[in-house]
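Letter by letter, the chains look like this.
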Amino acid sequence: PYHLLPLPLSLVGHLQIPGPRHPALLDLAMALCLKQVFAKDKTFRPRKRFEPGTQRFELYKKAQASLKSGLDLRSVVRLPPGESIDDWIAVHVVDFFNRINLIYGTMAEHCSETSCPVMAGGPRYEYRWQDERQYRRPAKLSAPRYMALLMDWIEGLINDEDVFPTRVGVPFPKNFQQVCTKILTRLFRVFVHVYIHHFDSILSMGAEAHVNTCYKHFYYFIQEFSLVDQRELEPLREMTERICH
């Protein structure tokens, strides 16, 4: 289990994901999470790493450099000339998983079986869980249980070489973008739940600007490549129109 110490927000964004020879830096990078301390039972995962020297690591660095340069987020998400769209999507899916997992982790103590007995986005939207193992039929679950299953499921996929290959010359599976659509659709539901049910926690931590920026980056990306059905975006439509104008 990781017991992470809070670090100043000024450090956020100044560390690249380190290679396997630097475990101490990896722990430090994982600690950069809105000055919060993660308990061992929270929905939190070590970051998926891009190995230095690989094309995907270089793409990751390029994407991060663009983010830090102050470019408009709509421009940042566009596919760089000459790059593979599958590689570009893979890099962003992993990065969004890391970021959204951390965002949920910061306020997970406020999301309990009692406070959130159903994974929902307000009174109009309820999300049920289905997978190929325990829940073969859509199941009504609490938000924390849904989140735990979701993070486990995504982590399993991005670490599966048959789905997210990391070896040079190994192609992506034919259904890769379909898999990414499912991942990103479910990650969007985390935003829905956090914004609608836990926005007061975001405000109390002073994390509104950080979460909004992450959301805008995510939104522009999925719109650029049409990766999430527009109907899934409806719960946050009014807010999106306001902050993503």
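Residues numbered from 1 in each chain as written. Predicted model: local features only at pLDDT ≥ 70, side-chain atom pairs only at ≥ 80, totals over all residues. Heavy atoms only, no water.

- Identification of the chain as MOB kinase activator 3C from Neotoma lepida is taken from an unreviewed UniProt entry.

Details of the packing of aromatic side chains
- All chains considered together, the criterion is met by 16 aromatic pairs.
- Aromatic side chains Tyr195 and Tyr215 sit 5.6 Å apart centroid to centroid with 85° between the ring planes, which places their arrangement in the edge-to-face category. Here Tyr215 lies in helix H8 (residues 208-224) and Tyr195 lies in helix H6 (residues 176-197), a separation of 20 residues in the sequence.
- By relative accessible area, Tyr195 is classed as buried at 7%.
- A relative accessible area of 0% means that Tyr215 is categorised as buried. (Phe/Tyr/Trp six-rings, centres within 6.5 Å; stacked < 30°, edge-to-face > 60°. Helix = DSSP H or I, 4+ residues; strand = E, 2+ residues; numbered from the N terminus. Buried < 20%, exposed > 50% of the residue type's maximum accessible area, 1.4 Å probe, protein only.)

Here we look at the packing of helix H4 (residues 85-106) against H8
- With their axes 11 Å apart at the nearest point, H4 and H8 run at an angle of 155° to one another. Accordingly, the angle class assigned to the pair H4 and H8 is roughly antiparallel. Regarding H4 and H8, the two cross each other, and that crossing is left-handed. Between H4 and H8, the residues in contact are Trp88, Ile89, His92, Phe96, Arg99, Ile100 and Ile103 and His210, Val211, Cys214, His217, Phe218 and Phe221, respectively.
- Here the contact of H4 with H8 is built from residues that sort into nine nonpolar, three polar and one charged. (Axes fitted to C-alpha atoms, helices over the stretch in contact; angles between N-to-C directions. Parallel < 35°, antiparallel > 145°, perpendicular 65-115°, else oblique. Left-handed = near helix turned anticlockwise from the far one by under 90°. Contact = heavy atoms within 4.5 Å. Nonpolar A, V, L, I, M, F, W, Y, C, P; charged D, E, K, R; others polar.)

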